[in-house]
Amino acid sequence: MNLSWVISRNAIRKPWEYEAVLMNAESRKKALHYFYEKVVGPLGFKFTPDEELMNFLLEQEVILENKHGIPFCPCQPLRHNRARDMQIVCPCIPFHRKHFDEIKRCWCGLFVHKDVLDPDKLPQLSPKDVNLE
Amino acid sequence: MKKVNMYTLSTCPWCRKTKNYFTEHKIPFTYIDYDLADEATQSRISDELDAVGATGFPFVKIDDEFIMGYQPERYTKALGI
Amino acid sequence: MKAVELAGNEIVICNCGGNYYAVQRRCGHMNAPLDMGTLDGTYLTCPMHCVQFDVTNGEALSGPVPADFGKETPPPMLGEYFQNVGMLMKHIRTESIRTYETKLAAGWVQIAL
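The structure displayed is predicted, hence computed values, not measured ones.

Things to note about the overall build of chain C
Then comes step 1: What chain C contains, in helices and strands, is 1 helix and 9 strands.
Then comes step 2: Walking chain C from its N terminus toward its C terminus, one meets helices and strands in the order β-β-β-β-β-β-α-β-β-β.
Then comes step 3: Taking all 113 residues of chain C together, 29% fall into the buried category.
Then comes step 4: Contacts spanning at least 24 positions in sequence make up 40% of the contacts within chain C whose residues lie at least 6 apart.

In structure tokens:
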């Protein structure tokens, strides 16, 4: 097996350029899916039934993991402060429990409450929008 | 004409949808992809988000109003269209 | 998991719910002993930097954590160690691990070398 792994430090790449440096993304997605499922289940969440969205988000996480070594949420800002960035490592549900339980989804929508059948009907509301914090 | 500026991420599908909304409604807007910006810009945006307690993208500013999250109905209302 | 040495080869035998797989003991990243890591399903995580492998085919699924230390200031002495490791890590290539064909026979796990 010949896998090429190029680690680029401090190079700001455009998103499409990361394809050239990815390890086998499909294998990594499958592994992430396996680990995440075990974590979010007991929290009352499951993967979104929207498979296209799920695949896209997992791919973005693989890209982020290749860049930073850690699969961060594809929809939240990295603050370059360890304590803060740990709060957006996927799955970040425990750090945003009240908010995500209220909107029945996590911020990027990778996970939804177990009873959700139509994820398109779940708007992306901020904590303020649902009278939290 | 309302001024529309947004902070987004190149890795976020909701940010893409947000940009599409304004494009389709033919509303001009400016945007910065936070993850592709330089350190100084990221720091500035991070401070701006903290000032209003925002924690996620997309972050859309329509004149003085700001909306966190992909919320097309609120955009429509804020734009008055 | 169980680490064994056979004819000079360091190998880790993994029991994944009754299915046996065998992989090289040295992590494809920095040669840490994989038997001291964790096995979950068919995914093995290295104890040194959390590199993950699929033991069914040896594929390296992820690199070390974190990719680099950024601008964070680590604690003084530990920090120096990490800085050095961090500096070395930048030049290290993560490779997949060799696997060995296995066969169960009369209560023994046989490994083809």
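Structure's up, so let's keep going.
Observations regarding the sheet that holds strand E6 (residues 52-54) of chain C
Strand pairing in a sheet relies on backbone hydrogen bonds, with the paired strands running either antiparallel or parallel.
All names here are of chain C.
Then comes step 1: Ordered by their spatial adjacency, 3 strands build an open sheet running E4-E5-E6, and the pairing between neighbours is antiparallel. Edge positions in the sheet fall to strand E4 (38-40) and E6, since each of these pairs with one other strand and no more. Going across the sheet, the axis of each strand differs from the next one's by a mean of 25°, ignoring polarity.
Then comes step 2: Pairing between E4 and strand E5 (residues 43-45): 3 bridges, direction antiparallel. Note that in E5 the partner of Thr 38 across the bridge is Thr 45.

Section: the sheet that holds strand E3 (residues 19-24) of chain C
Then comes step 1: The 4 strands are arranged E1-E2-E3-E7 (chain C) in an open sheet whose pairing can be described as antiparallel. Both outer strands of the open sheet, strand E1 (2-6) and strand E7 (99-100) of chain C, are each paired with one neighbouring strand and no more.

Observations concerning the interface of chain A and chain B
Then comes step 1: Each side of the interface is counted separately: chain A has 20 residues, and chain B has 18 residues.
Then comes step 2: Its residues assigned to classes, the side of chain A that touches chain B comprises 13 nonpolar, 4 polar and 3 charged.

Remarks on unusual backbone geometry
Then comes step 1: Following A:Cys90, the chain continues to A:Pro91 via a peptide bond in cis, the omega torsion being -10°.
Then comes step 2: Checked against the element boundaries, A:Pro91 lands in the loop between helix H3 (82-85) and helix H4 (97-103).
Then comes step 3: Cis rather than trans, the peptide bond between B:Phe57 and B:Pro58 has omega equal to 0°.
Then comes step 4: Mapped onto the elements, B:Pro58 comes out in the loop between helix H2 (39-51) and strand E3 (59-62).
Then comes step 5: The phi torsion at A:His80 lies on the positive side, around 60°, for a residue other than glycine.
Then comes step 6: Here A:His80 is to be found in the loop between helix H2 (51-68) and H3.

As for the pairing of strand E2 (residues 30-33) of chain B
Then comes step 1: Looking at chain direction, strand E1 (residues 4-8) of chain B and E2(B) are connected through 4 bridges and run parallel. Opposite B:Asn5, over in E2(B), you have B:Thr30 as the bridge partner.

Looking at H2(B)
Then comes step 1: For H2(B), built from 13 residues, the straight-helix expectation of 18 Å at 1.5 Å per residue is met to within 8% by its first-to-last C-alpha distance of 18 Å.
Then comes step 2: A positive backbone phi angle near 70° is found at B:Gly53, which sits one or two residues after H2(B).

Thoughts on the packing of helix H1 (residues 25-40) of chain A against H2(A)
Two quantities define a packed helix pair, namely the angle between the helix axes and the distance between the axes.
Residue and element names in this part refer to chain A.
Then comes step 1: Following both chains from N to C, one finds H1 and H2 inclined at 105°, their axes separated by 9 Å at the closest point. In terms of orientation, H1 and H2 fall into the roughly perpendicular class. For the pair H1 and H2, the contacting residues are Ala 25, Arg 28, Lys 29, Leu 32 and His 33 in the first and Leu 58, Glu 59, Glu 61 and Val 62 in the second.
Then comes step 2: Residue composition of the contact of H1 with H2, by class: 4 nonpolar, 1 polar and 4 charged.

Overview of the pairing of E3(B)
Two faces make up the sheet, and in a regular strand the side chains alternate between them.
All names here are of chain B.
Then comes step 1: Of the pairings in the sheet, the one linking E1 to E3 comprises 4 bridges and is antiparallel in character. Of the residues in E3, the one forming a bridge with Met 6 is Val 60.
Then comes step 2: Inspection of the sheet shows E3 paired to strand E4 (residues 65-68) by 4 bridges, in the antiparallel sense. Among the inter-strand pairings, Phe 59 is bridged to a residue of E4, identified as Met 68.
Then comes step 3: Counting the residues between successive antiparallel strands, the hairpin from E3 to E4 contains 2 residues, one of them, Asp 63, with a positive phi of roughly 55°.

Notes on the environment of A:Val40
All names here are of chain A.
Then comes step 1: In this fold, Val 40 is placed in helix H1.
Then comes step 2: For Val 40, a count of 21 C-beta atoms within 10 Å puts it in the buried group.
Then comes step 3: Not counting the four nearest positions on each side in its chain, Val 40 is found in contact with Phe 45, Lys 46, Pro 91, Ile 93 and Phe 111.

Observations concerning the confidence of the model for chain C
Parts of the model with low pLDDT should not have their predicted coordinates read in detail.
Then comes step 1: With 79% of its residues at a pLDDT of at least 70, chain C reaches an overall mean of 84.
Then comes step 2: As a predicted assembly, this complex carries a pTM of 0.83 together with an ipTM value of 0.95.

What counts and what doesn't
Residues numbered from 1 in each chain as written. Chains lettered and ligands numbered in written order. Predicted model: local features only at pLDDT ≥ 70, side-chain atom pairs only at ≥ 80, totals over all residues. Helix = DSSP H or I, 4+ residues; strand = E, 2+ residues; numbered from the N terminus. Buried ≥ 20, exposed ≤ 12 C-beta atoms within 10 Å, placed from the backbone. Contact = placed C-beta atoms within 7 Å. Pairing = 2+ DSSP bridges. Axes fitted to C-alpha atoms, helices over the stretch in contact; angles between N-to-C directions. Nonpolar A, V, L, I, M, F, W, Y, C, P; charged D, E, K, R; others polar. Expected span 1.5 Å × (residues − 1). Parallel < 35°, antiparallel > 145°, perpendicular 65-115°, else oblique. pLDDT = per-residue confidence, 0-100.

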